[in-house]
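# Working through the structure, step by step
Chain residues, written in single-letter form:
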Amino acid sequence: MDDVPRSLTVDDVRAAHKALSGVARVTAMEGSRHLTGLVGSPVHLKCENLQRTGSFKIRGAYARIAAMPAEERARGVVAASAGNHAQGVALAASLLGVRSTVFMPVGAPLPKLAATREYGADVRLHGHVVDEALSAAQEYAASTGAVFIHPFDHPDIVAGQGTVGLEILEQCPEVRTIVVGVGGGGLVAGIALAVKALRPDVRVVGVQAEGAAAYPPSLAAGHPVSLDAVSTMADGIKVGRPGDVPFKIVGALVDEVRTVSEDALSSALLLCLERAKLVVEPAGASPVAALLTDPESFAGPVVAVLSGGNVDPLVMQRTLRHGMAAAGRYLSLRLRLSDRPGALAALLAELSVADANVLDVSHVRTDSRLGLTEAEVELHLETKGPEHCAEVTAALCSAGYTVRG
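So, here's what we can say about the structure. This structure is a prediction, so every number in the text was calculated from the model and none was measured. (Residues numbered from 1 in each chain as written. Predicted model: local features only at pLDDT ≥ 70, side-chain atom pairs only at ≥ 80, totals over all residues. Heavy atoms only, no water.)

## Topic: the overall build of the chain
The following threshold applies: In this text, helices come from DSSP runs of H or I with a minimum length of four residues, and strands from runs of E with a minimum of two, each type numbered from the N-terminal end. The classification of residues rests on relative accessible area computed with a 1.4 Å probe and restricted to protein chains. Under 20% of the type maximum is buried, over 50% is exposed, and intermediate values are partly exposed. Residue contacts are counted whenever heavy atoms from the two residues lie within 4.5 Å of one another. Computed with the Shrake-Rupley method and a 1.4 Å probe, the accessible areas treat only the protein chains shown as cover for residues. In this count, Lys and Arg are taken as positive residues and Asp and Glu as negative ones, while His and the chain termini are left out. By convention, charge coordinates are those of NZ in Lys, CZ in Arg, CG in Asp, or CD in Glu.
On a plain count of helices and strands, the chain comes out with 17 helices and 14 strands. Each of the three principal axes of the chain carries a C-alpha extent, and together these read 80 × 45 × 40 Å. Each of the 405 residues in the chain was classed as buried or not, and the buried ones make up 52%. Summarising the internal contacts of the chain: among those between residues at least 6 apart in sequence, 72% fall at separations of at least 24. Taken as a whole, the chain presents about 17300 Å² of accessible surface, with 50% of it coming from carbon and sulfur. For the chain, the distance from the average position of its 36 positive side-chain charges to the average position of its 43 negative side-chain charges is 3 Å.

Shown next, in the form of structure tokens:
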């Protein structure tokens, strides 16, 4: 641990853990039979999606504000976020009797906006992306004297998030690998700081979305690198540049940072909902996505940290559809048939025999691409997996239909 900043040690994590006693929940550790079967050794889910405010962010926010001297608390705090950090700061400040102002982008999900207000923050909408809200929050801090609470780039924030690592070691002392979603890096840095000090043999693996993976190029360069653009459904880890404080710790203590696809993220969210009965946001499901992508590369017992569960219902709906498609549970087909009475009914009868559930039918009879006696049908079907998709397609071909995917 020679490369870790001397200002931050496992003792800081222990102090944060003491401060958080009675504030943050010791979240449950749930076993996953399905993931255990894939990995070949026990897999446990650390359910920070069941934490107060729905994510681990309350830990760092409370530790940061609680450590502030009285004169700083009197000036109030300000933060910028589209969701989880906003709620964490709002509740932490309220519990500590500190005035809080939170800047959120205009397009922030309504449930997160309402929750942040209910936790006691003065919410101000500014800009259309988090970076614009961040600039407004920093300007507010400069003009009012309010203390800016960064979502991940501060030692107290990292120490607070590291309390998750202490709990993992207590709840699963036999753990060999911990898998953590990574955005700016505060959570994985804190966990690595705590765990490596007490159990240096435990492997810590970070996971980023492919479209927002700033850590791999940054670690290769030896310093934080900003991405030109970020794009992922996982808003909680949609960060274009590592934080300076967590970056040093990640570089020194985290064993590996992997990336996962959008398909893997949506499949992981679907698995958490169907198999574990847990509502998890895409960022929180990123460790599960890594396990699904390459299950044999993780030495168990494995703990996957489900970092949050604050997902907008509309995003959940789209993500679940995407996950079902990735898992072969949806099938979209186009085919042409004779434009005569009963032709569509005959097609639907074939699908019924194949046990495919029709979700949507588009029947086009007038189009310049069609022959005089042709009609085109586009179908969206619910299926039982990739093998069933192939069986349905083969059944239609056997019945004389020309299928276009």
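## A few points about the packing of helix H10 (residues 186-198) against helix H12 (residues 244-253)
Axis angle and axis distance: for two packed helices, these are the angle between their axes and the distance between the axes, and together they describe the pair. The condition that has to hold: Whenever a helix is involved, its axis is fitted only over the stretch in contact; in every case the axis is a line through C-alpha atoms, and angles between N-to-C directions fall within 0 to 180 degrees. Should an angle fall under 35 degrees it is taken as roughly parallel, and over 145 as roughly antiparallel, whereas 65 to 115 is taken as roughly perpendicular and any remaining angle as oblique. Note on convention: near helix rotated counterclockwise from far helix by under a right angle means a left-handed crossing. Clockwise means right-handed. We call Asp, Glu, Lys and Arg charged. Ala, Val, Leu, Ile, Met, Phe, Trp, Tyr, Cys and Pro are nonpolar, and the rest, Gly among them, are polar.
Here H10 crosses H12 at 50 degrees, and the two axes come no closer than 9 Å. The angle between the axes of H10 and H12 places the two elements in the oblique class. The element H10 and its partner H12 pack so that their crossing is left-handed. In this structure, H10 contributes Gly-186, Val-188, Ala-189, Ala-192, Leu-193 and Lys-196 to the contact, and H12 contributes Pro-246, Ile-249, Val-250 and Leu-253. Looking at the contact of H10 with H12, its residues break down into 8 nonpolar, 1 polar and 1 charged.

## Re the side chain of Ser-41
With respect to the helices and strands, Ser-41 occurs in the loop between helix H2 (33-39) and strand E2 (43-47). If we ignore the near neighbours within four places in the chain, the residues touching Ser-41 are Thr-36, Phe-298, Ala-299 and Gly-300.

## A look at the layout of surface pockets
Any empty space left between the atoms is revealed when a probe the size of a water molecule rolls over them. We count it as follows: Space inside and on the surface of the protein is sampled on a 1 Å grid over the protein atoms alone, with a cavity defined as a set of points where a 1.4 Å probe fits but cannot get out and a pocket as an open set with protein on both sides within 12 Å along at least 5 of 7 lines; lining residues have an atom within 4 Å of a point. Grid points are joined across faces, edges and corners, and a volume is the space filled by probe spheres set on the points.
The calculated volume of the second largest pocket comes to roughly 250 Å³. In this structure, the second largest pocket is lined by His-34, Ser-267, Leu-270, Leu-271, Glu-274, Arg-275, Leu-292, Ala-326, Ala-327 and Arg-329. Per-element accounting of the lining of the second largest pocket gives the leading share, 4 residues, to helix H13 (residues 262-274). Looking at the lining of the second largest pocket, its residues break down into 5 nonpolar, 2 polar and 3 charged.

## What about the sheet that holds strand E1 (residues 29-31)?
Rules: Any two strands with at least two DSSP bridges between them are considered paired.
Read from one edge of the open sheet, 6 strands run E1-E2-E10-E7-E8-E9, paired in mixed fashion. Edge positions in the sheet fall to E1 and strand E9 (256-260), since each of these pairs with one other strand and no more. Ignoring strand direction, the axes of neighbouring strands in this sheet form an average angle of 25 degrees. Alignment of strand E8 (residues 203-209) against E9, held across 5 bridges, turns out to be parallel. Within E9, the residue paired with Ala-209 across the bridge is Val-260. Set on the sheet, helix H14 (residues 286-293) makes contact with E2, strand E7 (177-181), E8, E9 and strand E10 (302-306); between it and E7 the angle comes to about 120 degrees.

## Points about the pattern of salt bridges
The criterion, for reference: Salt-bridge detection follows one rule: a side-chain nitrogen of Lys or Arg within 4 Å of a carboxyl oxygen of Asp or Glu.
Enumeration over the complete set of coordinates arrives at 12 salt bridges. Its salt-bridge partner being Lys-196, residue Asp-255 comes within 2.8 Å of it at the nearest N-O pair. Linking Asp-255 in the loop between H12 and E9 with Lys-196 in helix H10, this pair joins segments that are 59 residues apart in sequence. Taking relative accessible area as the criterion, Asp-255 reaches 37% and is therefore assigned partly exposed. Of the residues examined, Lys-196 reaches a relative accessible area of 12% and is grouped as buried. Here Arg-258 ties to Glu-256 by a salt bridge, and the two come within 2.9 Å at their closest N and O atoms.

## Here we look at the nonpolar core
Quick note on the threshold: In these notes, a set of buried Ala, Val, Leu, Ile, Met, Phe, Trp, Tyr and Cys residues joined through side-chain atoms within 4.5 Å is what counts as a nonpolar core.
The biggest cluster of nonpolar side chains holds 36 residues, and the ones touching the most others in it are Ile-168, Val-175, Ile-178, Ile-191 and Val-305. When residues of this core are traced back to their parent elements, those giving at least two are helix H1 (10-19), helix H8 (155-161), helix H9 (163-171), E7, H10, H12 and E10. Here the element with the most residues in this core is H10; it accounts for 8 residues. Setting aside its immediate chain neighbours within four residues, Ile-178 contacts Ile-168, Ile-191, Val-195, Val-202, Arg-203, Val-204, Val-205, Val-303 and Val-305. Judged by nonpolar contacts, the second largest core, of 35 residues, contains Leu-35, Val-39, Val-260 and Val-280.

## Details of the side chain of Thr-101
In this structure, Thr-101 sits in strand E4 (residues 100-104). What makes Thr-101 buried here is its relative accessible area of 3%. Beyond its immediate stretch of four places on either side in the chain, Thr-101 contacts Val-77, Val-78, Ala-79, Asp-122, Arg-124 and Tyr-140.

## Here's the deal with helix H17 (residues 386-398)
Note the threshold: To estimate how far a helix should extend, the number of its residues minus one is multiplied by 1.5 Å. Note that the arc is defined by the directions from the helix axis to the C-beta atoms.
Across its 13 residues, H17 extends 18 Å between first and last C-alpha, which sits within 8% of the 18 Å expected from 1.5 Å per residue. Taken together, the buried positions of H17 are His-388, Cys-389, Val-392 and Leu-396. Buried positions in H17, seen along its axis, are confined to an arc of 105 degrees and lie on one side of it. The exposed residues of H17 that point more than 90 degrees off its buried face are Pro-386, Glu-387 and Ser-398. Along its buried surface, H17 packs onto strand E11 (330-338), helix H16 (343-353), strand E13 (374-382) and strand E14 (402-404). Directly beyond the C-terminal end of H17, a positive phi value near 100 degrees is found at Gly-400.

From the geometry alone we can't say anything about function, so treat these as descriptive.
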